[in-house]
Structures are given as structure tokens and as C-alpha cells.
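Each chain, written out:
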Amino acid sequence: MRVAPYLLSLPALLLFAGVVIVPLVMTVLLSFHDWGQYKGIEPVFVLKNWQEVLSDSYFHEMFWRTFRIAFFVTLLAAMFGAPEAYILNRMKSPWRGLFLLVILGPLLISVVARTLGWALLFGGNSGLVNKALISMGLISAPLPFMFTETGMVVALAHVLMPYMVLAVWAALQRLDPQIENAAVALGAGPFTVLRRIVLPQVMPGILSGAIIVFALAASAFATPAIIGGRRLKVASTLAYDEFLNTLNWPLGAAVAVLLLVALIAVVVGASRLVERRYAQVFG
Amino acid sequence: MSKNGPLALAFHTLFVTFMLAPILVVCWVAFTPEGFLSFPTDRWSLRWFYAIARYPEFISAFWRSLWLGALSSAIAVAFSVPAALAIARYRFPGREAMTALFMSPLMIPHVVLGIAFLRFFTQIGLGGTFFGLVLAHIVIVLPFALRLTVASAIGLDRAIEHAAVSLGASEWIVLKRITLPLVLPGLASGWALAFINSFDEVTMTVFIAAPGTETLPVRMFLYIQDNIDPLVTSVSACVIVITVAALVVMDRAYGLERLLVGRGTDGR
């Protein structure tokens, strides 16, 4: 056995052991500690926080809301991001690069600035979004977006949309255009080509994009905090409150660890399913 | 390949509008002449841009973010170069697990990382310090640096190195004169991507930044939590303009697609 690769990665390994693994283990331990308003954190082993998080209906509702929002965000991203990636891929040279920059660029723009944009667009009953929807005749009365789940879903779909476009785009690059041409030559209409040729081949891309978007939506913090305000809580904003307002760190740690475990379960489970289903495509 | 029909182009127009609307709206409101949030139509004003100068906390937070990003990305690149060479050139037991560990900050929710760092730094006496921020940012931007470094290390033609060795170059000379210059473009773009991610990071940083060590996104976030006024839109507009400028430079220099999609990486 050669030692060179281990020596080369040793600095980074030590860094990650010290600054990632140790803090995560400390957080798991913290979730088993006791806490009181006056005594602070007591380093004893109790199941109190976990019992509270797992049995209290307040936490059930909050986790349920978190995953419901993540689900709808993923759905929106797949419904709009996947077709857009396909359209983008069929564009000609200057437009293709330009619009790719326009659509992927927001990924690198501060999430606080982007969410602020949505807060301005929603802005109460006179917000621009409502004015636009009413003038298009889609709705008759203004919809509440600020401080609602609908607003959170729309803003998060915008924040995470580039990830979906990126995943589908990457899948489209591996696609052989000759297959499409062959289908057309054999007499298939555009919708048949899309449904029978393109969609099955980019499905792994859509699914891996969906996994990324779901995981990021369920753990998003800044967007739900700004759009949801102080009342409408998701898992991450609740953990933040426990840590920096209530100061009940052990309970906050339990919420965070549960979020992490639930997300790992969903992501690993979904990835396994996708890989098994598309073993031929990946292999 | 056929062309996009009118329906596809209509969809595309709506999609691009959706993607750009919130960003443009921030820049639009920033030019309001009023003392409250409004959409300027006939009268435009720079008063809220001048107003930033009266809030030193935004300015100092901006410089802190800049230094934090530059420093943590540089250190992250320094850590990832040897690790990337190991991952790209050797097949060894634990290689997959090690890569997964280095990529894990992408998968672990930043809220969880923020909490973990808060607990850890408080325990070891680094709570609320700039040094703690740097440590935390090194870890969260390392995956971006590593991914691009691995990609360029894999793309490297090893015959050039062998030629240097056969011409009598020592291992150190090969590393210094051949290997590092060849992976340098990858390192530069890895640094740039790491920098942008550090500069924008808010979720993890909001847990570990204290009043004297707030970064710009954290300062903006905390400000918005209290109230939304035109000042924060003008600050955001500045951030957007800076990011877009950096983006265009990176796109010209390296290609945004290559940067974000990544070719030949096995990280993810």
C-alpha cells in the first residue's frame, strides 16, 4: 500500500476531522443535554429534547410544513426548469451562452438580495405580482404572498431554479442529437420525440436536480426567514430562534440533528432508487 | 435538431422574466427619491446610494466579507491542491469515502453547520472571532475549490511530467515548473468560485458572527429582519452589480458553463 495519497490528503483530512466531524459530534451530544431558563446548559444525558421534538404537535406541524414547502418547490423547479433547459439547449450560439448566463447567474447573486426582490414584488396587497396577476385576469382579488407558504414556495423556487436547469442541462449535453434526428426521419412528431426519446434520457438529470433542490429547499434559511417573518416557521428558522433568541441550545440542536437525519434519509434513499432505476443509463 | 417554436419562445420569455424580475426590482427601487419603498417612474435619485456612506456598519461589513472571502478561498485552495492530486492520480482504499467527506459541506444543511460551528467555537473560545469565521468559511468553500482542482489535475497530460523527469528534473522542480503552472487556471477558477460562495454565505455565518464580525450578507439579513427600507435596496443593488461584473469576467475567462457544470470531475 502506498502512503503518498494519504500524505497528500492529510492536511485537508485533519482540517475536516477537527472542524467538521468534531463540531457535528458535539452538536449531536448537545441535543442530549439538559437546559433550564436559569441554570443554562447542563451536560447530563437526557432524552427530554428528543421526546419533545418527536411528540409535540408544534414540531410535527413545523417539520410537515418544511417538507411540504420543499416538495412544492421541487415540483415547480422540475415543471419549469426542465423544459427551459431543453429550450436553452436548442438555441443558437450567441443566445445560448447569453441566456445560460442570465439563468445560471442568479445562483451566484446573494440570496438575501434575491429574496429582498421577492419581498418587494409581493409587498402587501398592492404588490407588483398581484397587480400583474389581476391585470392578466388570472385572479380577481389580491393573493397574500408575504408571510405565507405560497410566497415562500415561489421565492424558493426562484432561488433554487438554476440548480434544476443546471442538472437537466448537464444531462442534455450527454444526449446524442442523432437519435432525435433518427426518430424524426422515421416519422415521429415533435411530441413523440420529446416524450419517447428526450424525456427518458434526461430523466436521471431531472431526478438528480430534484434531489438537490429538495435538500436545499428543506434546509433553506434566509428566504423562509425573510418571506415567512417571525410567525411562519420552518425547521431551520426554528432552530435559529432556539439558538439565538430563546437560547435553548439543546432543543435547537435536536431540531437541527433531526433535520439533518431526515434529509440524509431522503437524499440517500432517493439516490439509491434513481441509481437502481437507471443503472443501465449510468453504467 | 429542430428550432424552438413560438410556444417555446413564449415560455422562455416568461421564464427569463421570472428569473430577472426580483433582481431588477431591487435595482429599480434603489433609485427612489422618496423616503419610503416605492417604484420611481419620472423622478430618479441617488440619495439612497449616498446614504450608504452614513452607515459605517455596511461599509466595514463589506470589507470584512471581501477579506474573509479572499483569505478563506486562498487557504481552501492551498488545502485542496495536494488532496486533489491524491484523488486524481491514485486509486487507494478510502478514496471514495475521503472525497465524500471533502464534499460533505455541500450536502450538510448550512443551518446544521452553523449550529455545529457555534457550539464548537464557543467551547474552544473562538466564539464570534474573525479567525473562527475564516476556519468555518475554509471548510464550506473547500468543495468548490477541490472540484475544479481535481478537474484540472485529471485533465493534465502526465507525459509532460515524465518528459521533464527523463530530462533530469527533480520531483520538486517538476511540481514547481510543470505541474503547478499547468493546474493554475483550475486553481484560479476554483478560488473565484470559492470566493463568490464565501462572499454570499449567510445561513451558516449568521450563527457564528458577533456584532463586531458581521459579514455583509449577515448585516443585510439582520437589517431586513427589522425593517425593509430603500437603504437595504441600494446596498443590495451594489452587491448585485459587483457580482454581475465578477460573473461576466469569470464567464469570459473560464466559461460559466465549465465552472458550474464541471467536466471530468468525480466529486459529484
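If you're wondering where the values come from, they're calculated on a predicted model, not measured in any experiment.

### Quick notes on the overall build of chain A
Assigned secondary structure in chain A consists of 13 helices and two strands. Dimensions of chain A along its principal axes, counting C-alpha atoms only, are 75 × 70 × 35 Å. In chain A, which comprises 283 residues, the share counted as buried stands at 45%. In chain A, the share of contacts with a sequence separation of at least 24, taken over all contacts with a separation of at least 6, comes to 71%.

### Quick notes on the overall build of chain B
From N to C terminus, chain B includes 12 helices and zero strands. Each helix and strand of chain B, ordered N terminal to C terminal, gives the series α-α-α-α-α-α-α-α-α-α-α-α. Reported as C-alpha extents along the three principal axes, the dimensions of chain B are approximately 70 × 60 × 30 Å. Evaluated residue by residue, chain B yields a buried proportion of 43% over its 268 residues. The contacts in chain B between residues at least 6 apart in sequence include a share of 78% that link residues at least 24 apart.

### Comments concerning the confidence of the model for chain A
Summing up the model confidence of chain A, the mean pLDDT is 91 and the portion of residues at 70 or higher is 97%. Least confident of the elements in chain A is helix α13 (residues 279-282) of chain A, whose mean pLDDT is 57; most confident is helix α3 (residues 57-89) of chain A, at 96.

### Overview of the interface of chain A and chain B
Every contact between the two is made by 69 residues of chain A and, on the other side, 70 residues of chain B. At 17 residues, the largest contribution of residues to the side of chain A that touches chain B is made by helix α1 (residues 4-30) of chain A. Within the side of chain A that touches chain B, the residues separate by chemical class into 55 nonpolar, nine polar and five charged.

### Some details on the confidence of the model for chain B
Residue and element names in this part refer to chain B. Across chain B, pLDDT averages 90, with 96% of residues at or above 70. Considering only residues more than four positions removed or in separate chains, one finds that residues 263-268, a stretch of pLDDT under 50, has 15 contacts. What the predictor reports for the complex is a pTM of 0.92 with an ipTM of 0.91.

### Side note on unusual backbone geometry
One non-glycine residue, Phe 147 of chain A, lies in positive phi territory at about 60°. Following the sequence through the fold, Phe 147 of chain A ends up in the loop between α6 (128-135) and α7 (149-173).

### Observations concerning the domain arrangement of chain B
Residue and element names in this part refer to chain B. In terms of domains, chain B is made up of domain 1 (1-48) and domain 2 (56-261). The C-alpha centroid of domain 2 is placed 30 Å from the C-alpha centroid of domain 1. Taken together, the contact between domain 1 and domain 2 spans eight residues of the former and nine residues of the latter. In terms of residues, the side of domain 1 that touches domain 2 owes the most to one element, helix α1 (residues 6-29), which gives four residues.

### Here we look at the nonpolar core
Ranked by size, the top nonpolar core spans 164 residues in total, and within it Val 73, Leu 156, Leu 160, Val 213 and Ala 217 of chain A carry the most contacts. Each of domain 1 (1-48) and domain 2 (56-261) of chain B gives at least three residues to this core. Not counting chain neighbours up to four residues away, the residues in contact with Leu 160 of chain A comprise Val 73, Ala 77, Val 213, Leu 216 and Ala 217 of chain A.

### Comments concerning the packing of helix α5 (residues 111-122) of chain A against α1 of chain B
Between α5 of chain A and α1 of chain B, the least distance of the axes is 8 Å, while the angle of their chain directions is 80°. Between α5 of chain A and α1 of chain B, the angle is such that the two are roughly perpendicular. Contacts between α5 of chain A and α1 of chain B involve Ala 113, Arg 114, Leu 116, Gly 117, Trp 118, Leu 120 and Leu 121 of chain A from the former and Ala 21, Pro 22, Ile 23, Val 25, Val 26 and Val 29 of chain B from the latter. Each residue belonging to the contact of α5 of chain A with α1 of chain B can be placed in one class, and the counts come to 11 nonpolar, one polar and one charged.

### A closer look at the environment of Tyr 163 of chain A
By the element assignment, Tyr 163 of chain A lies in helix α7. Counting along the chain gives 10 residues from Tyr 163 of chain A to Gln 173 of chain A, while the straight-line C-alpha distance between them is 15 Å.

Rules used in this analysis
Throughout this description, residue numbers start from 1 for each chain and increase along the sequence as written. Here chains are named by letter from A upward and ligands by number from 1 upward, in the order in which they appear as written. Predicted model: local features are reported for residues with pLDDT of at least 70 only, side-chain atom pairs are reported and counted for 80 or more only, and whole-chain, interface and lining totals are derived from all residues. Helix numbers and strand numbers start at the N terminus; a helix is a DSSP run of H or I with at least 4 residues, a strand a run of E with at least 2. Exposed residues have 12 or fewer other C-beta atoms within 10 Å of their own C-beta, buried residues have 20 or more, and residues in between are partly exposed; the C-beta atoms are placed from the backbone. This entry defines residue contacts through backbone-placed C-beta atoms, with two residues in contact when those atoms are within 7 Å. Each residue gets a pLDDT score, which is the predictor's confidence in that residue and runs from 0 to 100. Residue type decides the class: Asp, Glu, Lys and Arg count as charged, Ala, Val, Leu, Ile, Met, Phe, Trp, Tyr, Cys and Pro as nonpolar, and the leftover types, Gly among them, as polar. The split of the chain into domains comes from an automatic or database domain assignment. By convention the nonpolar core is taken to be a set of buried residues drawn from Ala, Val, Leu, Ile, Met, Phe, Trp, Tyr and Cys and joined through C-beta atoms within 7 Å. Where helices are involved, their axes are fitted lines through C-alpha atoms of the stretch in contact, as for all axes, and angles between N-to-C directions lie from 0 to 180°. By definition in this entry, angles of less than 35 degrees are roughly parallel, angles greater than 145 are roughly antiparallel, angles of 65 to 115 are roughly perpendicular, and the rest are oblique.

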